[in-house]
Amino acid sequence: MPDLKQMPDMKQMRLLGIVTATAIGLYVCYLLALPFLPALTWAVVLAIILYPAHRQVEERLRNKTWLR
């Protein structure tokens, strides 16, 4: 009969399983998002570049009632 002290603790095994499942899930999410990363990158870059122009247009139209 195996010694109980040599058997891995169930909490450690459960933690290892959760960490493994999380790592696999994150990798699958990365693979799913990979085709969209160039478009998302361009969207962020254009949003940063065009924000000052948006702010100027918003200031000019602030008092217009049709803006709402």
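Presented here is an overview of the structure given in this document. (Residues numbered from 1 in each chain as written. Predicted model: local features only at pLDDT ≥ 70, side-chain atom pairs only at ≥ 80, totals over all residues. Heavy atoms only, no water.)

1. What about the overall build of the chain?
Counting secondary structure elements, the chain contains two helices and zero strands. Relative to its full complement of 68 residues, the chain shows a buried share of 0%. Element-wise, carbon and sulfur atoms account for 69% of the exposed surface of the chain, whose accessible area totals about 7,000 Å². (Helix = DSSP H or I, 4+ residues; strand = E, 2+ residues; numbered from the N terminus. Buried < 20%, exposed > 50% of the residue type's maximum accessible area, 1.4 Å probe, protein only. Areas by Shrake-Rupley, 256 points an atom, 1.4 Å probe, with all protein chains shown as cover.)

2. A look at a nonpolar patch on the surface
Residues I24, Y27, V28, Y30, L31, L34, F36, L37 and L40 make up a contiguous nonpolar surface patch of roughly 890 Å² in combined accessible area. Counting residues per element, the ones that place at least two in the nonpolar patch are α1 (10-33) and α2 (37-60). With five residues, α1 is the largest single contributor of residues to the nonpolar patch. Of note, V28 is situated in helix α1. For V28, a relative accessible area of 46% gives the class partly exposed. (Patch = residues over 30% accessible without salt bridge, like charges linked within 9 Å, V, L, I, M, F, W, Y side chains within 5 Å. Salt bridge = Lys/Arg side-chain N within 4 Å of Asp/Glu carboxyl O.)

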